[in-house]
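# Residue-level structural notes
Chain by chain, the residues:
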Amino acid sequence: MDPTPDVLRDLHRRMVRIRLFEEAAGRLAEAAKLPGFLHLYVGEEAVASGVCAHLSDADRITSTHRGHGHLVAKGGRFAPMMAELMGKATGYCNGKGGSMHISSLELGMLGANGIVGAGSPIAVGAAFASKYRADGTVAVAFFGDGSTNIGAFHEAANMACALKLPAVFVCENNEYGEFTPRSKTMAITDIVDRAAGYGMPGVIVDGMDVVAVHEAAGEAIARARAGEGPSLVEAKTYRFFNHHGVQNLGLKYRSDDEVAQWRQRDPISLLEQRVLADGSLTQADLDATWADGRAEIDDAIAFAEASPFPDPASLLADVYTETLR
Amino acid sequence: MSATTTDVRSLTYVQAFNEAVRQCMEADDSVFCAGEDVGAFGGVFGSFAGLQARFGERRVVDTPISEQAIIGLGVGSAVSGLRPIVDIMFMDFLLVALDQVVNQAAKLKYMFGGKATLPLTITTAGGGGLSAAAQHSQSLEAILCHIPGLKVVYPSNAYDMKGLMVSCIREDNPTVMVKHKRLLGAKGPVPEECYAIPLGVAEVKRPGRDVTVVAFGRMVDESMRAAKRLAEDGIEVEVIDPRTLQPLDSATIVESAKRTNRIVVVHEAVRFGGLGAEIAAQIQEEAFDYLDAPVGRVAAPFSPVPFSPVLEQAYLPDADRIAAAVRSTLQRA
């Protein structure tokens, strides 16, 4: 069934917000205004957007080192996100996490993660809590193709299936584990082949087509909510920028031609062409979304730049919770 | 606690653990247990005996042999508001899951700016003395104590086991509860009521004026035996059991050292980089001018734990070695 114009507008808005946030972060990094490492999600927007459109704040996700897009898609606000990237006290994590640990528990986003593969076992725990409480919520683990070579992924997939938990495993297969092509690190072409080994259904989806991602994720999430157990969704996608930072051309590990070819399948352009062609949205609708996003990003940068750095006295705060009972 | 003697039953160390878990599960539906063989089998040491029959498969969950996913189950469910008890059968196996323990459980709260709460209890069994050889006998508590965000508890007797385990379950931080395998059958008085012993509070097991001995886990019994023997020669040893290793009750240890002017630290773990090194460093920082002798350490030599009973006996500290270390400390001017 074709998505309604409202759903398409929502998917477009999520992708545009991710794109604008990531491009702004890239510009700030190049201007040396962001400390630390930066792993940008540009090119992969359709995956987080298509999946998170099915989730409420009570549903939980785990993320990766490339996690800004997941938080934006889950409803993250630009201002505390940008402040976090700058290491400011007003950030989502009070400046203690940064890009690689950005999180918002109230939005059900259990953190970007600096350890490849570590999110999946945590998603199993979140899914266990959903089943334990029988509250109809689900947990989604986002992870890359590279992390399916790590034991933690396999332990998590097996345990989620063995315990029949309401979990969805979403693989963002961008064809590179950091700087090494997938073909050199595994003997299979499709990550989805791994699903059968754990007894869960798996589906491959065009990760540049947000409508296709939305449909496939919808089925997997509905299956989880219905108590039928985990599924694996493999989205074939591509990172337009480098593994970290923004440089995207002239690097030896992938060719400029390859990057250019994938950029022709820009997920936002593909959706815009589609909705204009079938008349479900107008150019004015699309322009309004971009304009709203640009205004939000300008405000967020101003907010983050004007925000104070954390008080050095807060260094030791929040290592432990004070137990009150 | 109400330690009025008459009606206090005697329980083993592992029964005391089991009773703490059962009473906390009765009091709070958010508490559940998961791990290898914890269900119908009741845990390899009987730690979880009868709990699945009492609470069902929803709350006492058999897991695959997947240590990373077991800790991940705990981390993810704890940040989602449950109060998990996840069991890692042997302390050695914690190493398989160290990413989830160290990079995830211990750090999420801090990395998230304090907005996460992790009421997670990891239970495991450490220590040697069963000819279980190098991969089932280690004392790895120093590794855990080195990690900000974790708490580490190591009871030496049945009474402390119950009270400390209750505190671990009620704790809002990730806590590792280490059971010593040689103490599982050790009996002692354990009140039936659900009582808590606060974490981070040492107990003076025996007052003494001449030397302070700090020991935890099974080494408390060995130290008490050594102290009794030394008392026959007029040497009064003060034995302190920290009970919680992280946070360590340094104040009680330093105060004692300032009074006795001599201190020996005992542990089953290897000497290099063990808790004894940390305590010795704290003593020289806080009580240097009070010392009449260097801080003594009784610990295992720098080798894996051997299999053969003869070799393992040569490896593990015992009352004889503790007594010898105390005498040696007293011989210093």
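This write-up is about the structure you can find in this document. (Residues numbered from 1 in each chain as written. Chains lettered and ligands numbered in written order. Predicted model: local features only at pLDDT ≥ 70, side-chain atom pairs only at ≥ 80, totals over all residues.)

## A closer look at the overall build of chain B
Put simply, the rule is: Strands are runs of DSSP state E lasting at least two residues, helices are runs of H or I lasting at least four, and both sets are numbered from the N terminus onward. Partly exposed residues are those whose C-beta has more than 12 but fewer than 20 other C-beta atoms within 10 Å; 20 or more makes a residue buried and 12 or fewer makes it exposed, with C-beta atoms placed from the backbone. Residues are scored as being in contact if the C-beta atoms we place from backbone atoms lie within 7 Å.
A count of helical and extended segments in chain B gives 12 helices and 14 strands. Expressed along its principal axes, the backbone C-alpha trace of chain B runs to roughly 60 × 50 × 40 Å. Among the 333 residues that make up chain B, the fraction classed as buried is 55%. Across chain B, every contact between residues at least 6 apart in sequence was considered, and the portion connecting residues at least 24 apart equals 78%.

## Here we look at the sheet that holds strand β3 (residues 60-62) of chain B
Hydrogen bonds between backbone groups are what pair the strands of a sheet, and the pairing can be parallel or antiparallel. Residue and element names in this part refer to chain B. Put simply, the test is: If DSSP finds at least two bridges between two strands, the strands pair. Between the N-to-C directions of two axes lies an angle of 0 to 180 degrees, each axis being a line fitted to C-alpha atoms and, for a helix, fitted only over the stretch in contact.
One open sheet accounts for seven strands, arranged β3-β2-β4-β5-β7-β6-β12; its pairing is mixed. Here the strands that pair on one side only, and so sit at the sheet edges, are β3 and β12 (244-246). Averaged over all pairs of adjacent strands, the angle between strand axes in this sheet comes to 20°, irrespective of strand direction. Inspection of the sheet shows strand β2 (residues 31-35) paired to strand β4 (residues 83-88) by five bridges, in the parallel sense. Residue pairing in the sheet places Val 31 in a bridge with Arg 83 of β4. Of the strands in this sheet, β2, β4, β5 (121-126), β6 (151-153) and β7 (175-180) touch helix α7 (residues 158-170), which is tilted by about 155° from β7.

## Describing the packing of helix α1 (residues 5-30) of chain A against helix α11 (residues 283-306) of chain A
Residues and elements named next belong to chain A. Let me state the cut-off plainly: Rotating anticlockwise by less than a right angle from the far helix to the near helix defines a left-handed crossing, while the corresponding clockwise rotation defines a right-handed one. When residues are sorted by character, Ala, Val, Leu, Ile, Met, Phe, Trp, Tyr, Cys and Pro go into the nonpolar class, Asp, Glu, Lys and Arg into the charged class, and all the rest, Gly among them, into the polar class.
The contact between α1 and α11 brings their axes to 9 Å, and the two run at 35°. The crossing of α1 and α11 is right-handed. Contacts between α1 and α11 involve Arg 9, His 12, Arg 13, Val 16, Arg 17, Leu 20, Phe 21 and Ala 24 from the former and Asp 285, Leu 286, Thr 289, Trp 290, Gly 293, Arg 294, Ile 297 and Ile 301 from the latter. In the contact of α1 with α11, the residues fall into eight nonpolar, three polar and five charged.

## Some words on the sheet that holds strand β3 (residues 167-173) of chain A
All names here are of chain A. Spatial strand order, β1-β2-β3-β7-β6: five strands in an open sheet with parallel pairing. This sheet does not close on itself; its edge strands, each paired only once, are β1 (60-62) and β6 (202-206). Shown here is a sheet whose adjacent strand axes are inclined to one another by a mean of 20°, direction ignored. Here β1 runs beside strand β2 (residues 139-144); their pairing, made up of three bridges, is parallel. In the sheet register, Thr 62 faces β2, and the bridge partner there is Ala 141. Of the strands in this sheet, β2, β3 and β7 (231-236) are in contact with helix α2 (residues 45-52), which crosses β3 at around 165°.

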